[in-house]
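Below are the chains, spelled out letter by letter.
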Amino acid sequence: MVDVFSILLGGLQFTNKGRRLNLAPKTSLLAALLFAVHPVHTECVAGIVGRADLLCALFFLLSFLGYCKAFRENKEGHHFSVFWVLVSVLLGAVAMLCKEQGITILGLNAVFDALVINKLNVLEFIQKLIRKDKLLENAGLLRKGLLFRITLLMSGGASILYIRWRIMGTGPPAFTEVDNPASFADSLFVRAINYNYYYSLNAWLLLCPWWLCFDWSMGCIPLIKSVSDWRIIALAALWFCLIGLICQALCSEDSHKRRILTLGLGFLIIPFLPASNLFFRVGFVVAERVIYLPSIGYCILFTYGFTLLSKQAKKKKILAVAVLGILLINVMRCALRSSQWRSEEQLFRSALSVCPLNAKVHYNVGKNLADKGNQSAAIKYYREAVRLNPKYVHAMNNLGNILKERNELQEAEELLSLAVQIQPDFAAAWMNLGIVQNSLRRFEEAEQSYWTAIKHRRKYPDCYYNLGRLYADLNRHIDALNAWRNATVLKPEHSLAWNNMIILLDNTGNLAQAEAVGREALELIPNDHSLMFSLANVLGKSQKYKESEALFLKAIKANPNAASYHGNLAVLYHRWGNLDLAKKHYEVSLKLDPTAPGTKENYNLLRRKLEQLQKKGGA
């Protein structure tokens, strides 16, 4: 960034040996420091998804520096390196592959060429165009090769876009109203006024990056629907500042001022255009990551403003302290924000104070609490998410799941029914609705819900598993086995489906088939102790005691605190005639679970048998 800012703020000049001069060392360092500590960058740096933005920025800047190298031989631009222009285009293509914003560097390179290399006065150029002046060649545009270079840049950009179109197609991603409400507004006025309000919010985040949030969608920013809304002031302030800067950039008599202001505005506005909703709908309202590159323009304008003030200020030390204070505040804000990115809980909770109307924030806080087992608190946040967005089907689904686990089946069914009514292809909600209906013993409706879920998501092993459980409850054993087999075909490591197949075959007396299924399952999931346990039970009933014992011991080693494992091993020893070992494992099982009735009865039978044997031995 120091290199880039030295060119943007100091101009592009070389020594006789072709070495680039840094004509603005202090201001370029200040601008780079401001860029380095800007808190709006924490999302890109701390969030893994931000790697795309960082890589894009890297190749974006390399493309710019590569373009500057094209003029190393002659600073006037009479001679330039076509090779470095093409390298710049290639680096711009790589930047675009990282993030769509990357392609805007080609436009910025053209602006830089015109303003810095060719020292074009934009206002004079526009006036000549309006007058249809034929003396455009006098400006040296053709002589210095500007049009040729711009043609190279445009051709490169068009080729990149064509390749992208061939690979990805023309259709933009499908976004919903909650992602970007303004873009779905019927009125052009409402869309325009809200887009402009979003621009003012982005500008405010650059100026005052205190209110940072990982997600600004879902009602976080209510739509402006009339001119009486006080937030119109923000739009007016934004355009007042922009128009003032543009006028200075075009009309100032100071060529140095014109150049820096135009470049600053160019780097502020052009990289932001893909996120502006002007060319296509984007999937967010405000996103801090998309102002990573535009912040370069902000840093140029801020630093140049500081240099102008320092020239006029009598007490320069106060100004220097103020700038140092801004840098330190930004450092502290970065540290605080980075710490919030360290955990989901801190990140989601930090968003509550910034976007209390955002249903997704409440949903994420609730999900985080539910994952930690705090269901009561999770319910509160899920309910708030549904209240803020009555069509939030994912919140309804998760809330319905928790209520189902708490046996509040009636409300769970209402929520899940509403979710599938709002989004008929929501497979997970259909499956959960089926589970609730199964618990309510409405088996036909449950079966229909499961099949609807599978219709919308053909590869859905968990749904096949639950369908198998329904068939097992209805004693439709062949259907149950088929459903569980489908689950294991789609997901070979689906332990529960394998287990249920083994247990059902065992309970129906199909020991040979149960054994075959158990061995097949253990080949796929060799370290699953529950499968070892189920197969060990089958082998014990088939009187393959040695193999059964080995599997029981292996299962116990993997999960030593399972009372049923010790209890069933004791039963095996009891049948096998190893009474002392049976007694030992009965006792361990009862110690782990004193209330197990079957184990207690078997243990009492064993004790009586041992007492009888002792009496016989004594006689």
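None of the values given here were measured: they were computed from a predicted structure.

**As for the overall build of the chain**
Thought 1: Looking only at helices and strands, one finds 29 helices and zero strands in the chain.
Thought 2: A compact globule built from 619 residues would reach a C-alpha radius of gyration of about 25 Å, whereas the chain, at 35 Å, exceeds it by more than 25%.
Thought 3: With the C-alpha coordinates aligned to their principal axes, the bounding extent of the chain is approximately 125 × 60 × 55 Å.
Thought 4: Among the 619 residues that make up the chain, the fraction classed as buried is 49%.
Thought 5: Just so you have it, the chain exposes about 31900 Å², and 59% of that area is on carbon and sulfur atoms.

**A word on the UniProt feature "repeat: TPR" (unreviewed entry) in the chain**
Thought 1: As annotated in UniProt, the feature "repeat: TPR" (unreviewed entry) corresponds to residues 359–392, 393–426, 461–494 and 563–596 in the numbering used here.
Thought 2: In this annotation, residues 359–392 is assigned 79% helix and 0% strand; the end-to-end C-alpha distance for the span is 8 Å.
Thought 3: Helix makes up 82% of residues 563–596 and strand 0%, and the two end C-alpha atoms of the span are 9 Å apart.

**Regarding a nonpolar patch on the surface**
Thought 1: Taken together, the side chains of Trp204, Leu207, Trp210, Trp211, Ile329, Met332 and Leu336 define a hydrophobic patch exposed on the protein surface, amounting to about 790 Å² of accessible area.
Thought 2: Those elements that provide at least two residues to the nonpolar patch are α9 (188–207) and α13 (316–340).
Thought 3: Here the nonpolar patch gets three residues from one element, more than from any other, and that element is α13.
Thought 4: If you trace the backbone, tryptophan 204 turns up in helix α9.
Thought 5: Residue tryptophan 204 is classed as partly exposed on the basis of its relative accessible area, which comes to 45%.

**With respect to helix α18 (residues 409–422)**
Thought 1: For α18, with 14 residues, the first-to-last C-alpha span of 20 Å sits near the 20 Å given by 1.5 Å per residue.
Thought 2: Those residues of α18 not exposed but buried are Leu409, Ala412, Glu413, Leu415, Leu416, Ala419 and Val420. Along the axis of α18, the buried positions cluster into a sector of 165 degrees, meaning they face one direction only. Opposite the packed face of α18, turned more than 90 degrees from it, sit the exposed residues Gln410, Glu414 and Gln421.

**Considering the pattern of salt bridges**
Any two side chains of opposite charge can pair, given that their charged atoms come close.
Thought 1: Enumeration over the complete set of coordinates arrives at 24 salt bridges.
Thought 2: The shortest N-O distance in the salt bridge between arginine 349 and glutamate 345 comes to 3.5 Å. Here glutamate 345 and arginine 349 lie together in helix α14 (residues 344–354), a separation of four residues that amounts to about one turn.
Thought 3: Note that glutamate 447 and arginine 476 form a salt bridge whose closest N and O atoms lie 3.6 Å from each other. Residue glutamate 447 is found in helix α20 (residues 443–456), and its partner arginine 476 is found in the loop between α21 (461–473) and α22 (477–490); the two are separated by 29 residues along the sequence.
Thought 4: Take glutamate 447: its relative accessible area is 19%, and that puts it in the buried class.
Thought 5: Under the relative-accessibility criterion, arginine 476 is labelled partly exposed at 32%.
Thought 6: Through salt bridges with shared partners, a single network forms among Glu515, Arg519, Lys544 and Glu547.

**Digging into the packing of helix α1 (residues 2–10) against helix α2 (residues 25–36)**
Thought 1: Where α1 meets α2, the closest approach of the two axes is 8 Å, and the angle between their N-to-C directions is 130 degrees. In terms of their interaxial angle, α1 and α2 are classed as oblique. Viewed along their axes, α1 and α2 form a crossing whose handedness is right-handed. Listed contacts from α2 to Val2, Phe5, Ser6 and Leu9 of α1 are Thr27, Ser28, Leu29, Ala31, Ala32 and Phe35.
Thought 2: Looking at the contact of α1 with α2 residue by residue, the class counts come to seven nonpolar, three polar and no charged.

**Looking at the confidence of the model for the chain**
Thought 1: With 96% of its residues at a pLDDT of at least 70, the chain reaches an overall mean of 90.
Thought 2: Of all secondary-structure elements in the chain, the lowest mean pLDDT belongs to helix α7 (residues 122–130), at 76, while α22 reaches the highest, 97.

**Overview of the packing of aromatic side chains**
Thought 1: In the structure shown here, the tally under the stated rule is 19 aromatic pairs.
Thought 2: Plain terms: the ring middles of tyrosine 363 and tyrosine 392 are 5.2 Å apart, the flat faces sit at 40 degrees to each other, and that makes the pair tilted. Of the two residues, tyrosine 363 sits in helix α15 (residues 359–371) while tyrosine 392 sits in the loop between α16 (375–388) and α17 (393–405), which places them 29 residues apart along the sequence. Grouping residues by exposure puts tyrosine 363 and tyrosine 392 together as buried.

**Points about the state of the cysteines**
Thought 1: In this structure the tally under the stated criterion is one disulfide.
Thought 2: Residue cysteine 44 stays outside any disulfide, its sulfur separated by 9.6 Å from that of cysteine 56, the closest cysteine.
Thought 3: With relative accessibility at 1%, the residue cysteine 44 sits in the buried group.
Thought 4: Cysteine 56 supplies the cysteine sulfur nearest to cysteine 68, a cysteine that is in no disulfide, at a spacing of 17 Å.
Thought 5: Residue classification places cysteine 68 among the buried positions, given a relative accessible area of 1%.

**Remarks on the nonpolar core**
Thought 1: With 181 residues, the main nonpolar core has Phe5, Leu8, Leu12, Phe64, Phe112, Ile221 and Ile296 as its most contacted residues.
Thought 2: Dropping the residues within four chain positions of it, isoleucine 221 is found in contact with Tyr197, Tyr198, Leu201, Trp216, Arg231, Val285 and Val286.

**Structural notes on the packing of α20 against α21**
Thought 1: Orientation of α20 relative to α21, taken along the N-to-C sense of each, is 160 degrees, at an axis distance of 10 Å. Put simply, α20 runs roughly antiparallel to α21. The way α20 lies across α21 gives a crossing that is left-handed. Where α20 approaches α21, its residues Phe443, Ala446, Glu447, Tyr450, Trp451, Ala453 and Ile454 are matched on the opposing element by Cys463, Tyr464, Asn466, Leu467, Leu470 and Tyr471.
Thought 2: Of the residues assigned to the contact of α20 with α21, the class counts are eleven nonpolar, one polar and one charged.

**Describing unusual backbone geometry**
Thought 1: For lysine 119, which is not glycine, the phi torsion reads 50 degrees and is therefore positive.
Thought 2: Tracing the backbone shows lysine 119 in the loop between α6 (104–117) and α7.
Thought 3: Overall, the relative accessible area of 58% leaves lysine 119 in the exposed class.
Thought 4: The backbone of asparagine 475 shows a phi angle near 60 degrees, a positive value even though the residue is not glycine.
Thought 5: With respect to the helices and strands, the residue asparagine 475 is situated in the loop between α21 and α22.

**What about the environment of leucine 590?**
Thought 1: Relative to the helices and strands, leucine 590 resides in helix α28 (residues 579–592).
Thought 2: By relative accessible area, which is 15% here, leucine 590 ends up buried.
Thought 3: With ten residues separating them along the chain, leucine 590 and lysine 600 place their C-alpha atoms 7.2 Å apart.
Thought 4: In this view, leucine 590 contacts Ala596, Thr599, Lys600 and Tyr603; residues no more than four positions away in its chain are not counted.

**So, the side chain of asparagine 118**
Thought 1: Mapped onto the fold, asparagine 118 is located in the loop between α6 and α7.
Thought 2: Side chain to side chain, asparagine 118 and aspartate 113 meet in a polar contact 2.9 Å long.

The rules we used
- Every chain is numbered independently, its residues counted from 1 as its sequence is written.
- Totals for whole chains, interfaces and linings use every residue, but because this is a predicted model, local features are given only for residues with pLDDT of at least 70 and side-chain atom pairs only at 80 or more, for both listing and counting.
- In computing side-chain properties, one takes all heavy atoms of the structure into account and sets aside hydrogens as well as water.
- Numbering goes from the N terminus for both helices and strands, where a helix is a DSSP run of H or I of at least four residues and a strand is a run of E of at least two.
- With C-alpha atoms as the basis for the radius of gyration, the globule rule is written as 2.2 Å multiplied by the number of residues raised to the power 0.38.
- Here the term buried applies to any residue with accessible area under 20% of the maximum for its type, exposed to any over 50%, and partly exposed to those in between, with areas from a 1.4 Å probe on protein chains only.
- Where accessible areas are quoted, they stem from the Shrake-Rupley method and a 1.4 Å probe; at the residue level, only the protein chains shown are allowed to cover.
- UniProt positions are given in the numbering used here, feature names are shortened, and annotations may be inferred rather than shown by experiment.
- Exposure above 30% relative accessible area and the lack of any salt bridge qualify a residue for a patch; like charges then connect within 9 Å, and the nonpolar side chains Val, Leu, Ile, Met, Phe, Trp and Tyr within 5 Å.
- By definition, a salt bridge exists where a carboxyl oxygen of Asp or Glu is found within 4 Å of a side-chain nitrogen of Lys or Arg.
- To estimate how far a helix should reach, multiply one less than its number of residues by 1.5 Å.
- As used here, the arc is the angular range of directions from the helix axis to the C-beta atoms.
- Here, axes are lines fitted to C-alpha atoms. For helices the fit covers the stretch in contact, and angles between N-to-C directions go from 0 to 180 degrees.
- Throughout this description, any angle smaller than 35 degrees is read as roughly parallel, any larger than 145 degrees as roughly antiparallel, any in the 65 to 115 degree range as roughly perpendicular, and the remainder as oblique.
- Note on convention: near helix rotated counterclockwise from far helix by under a right angle means a left-handed crossing. Clockwise means right-handed.
- The contact definition used throughout considers only heavy atoms, calling two residues in contact when any of these lie within 4.5 Å.
- In this count, Pro and Cys sit with the nonpolar residues alongside Ala, Val, Leu, Ile, Met, Phe, Trp and Tyr, while Asp, Glu, Lys and Arg are called charged and the others, Gly among them, polar.
- Confidence scores labelled pLDDT are given residue by residue by the predictor and lie between 0 and 100.
- Only centres within 6.5 Å qualify two rings of Phe, Tyr or Trp (six-membered ring in Trp) as a pair; their planes then separate them into stacked at under 30 degrees, edge-to-face at over 60, and tilted for everything else.
- Defined by distance alone, a disulfide is two cysteine sulfur atoms within 2.5 Å.
- We define the nonpolar core as a collection of buried residues of types Ala, Val, Leu, Ile, Met, Phe, Trp, Tyr and Cys that are connected through side-chain atoms lying within 4.5 Å of one another.
- Definition of a polar contact: a pair of N or O atoms within 3.5 Å, with one able to donate and the other able to accept a hydrogen when the atoms are protein atoms, and with sequence-neighbouring residues admitted only if both atoms are side-chain atoms.

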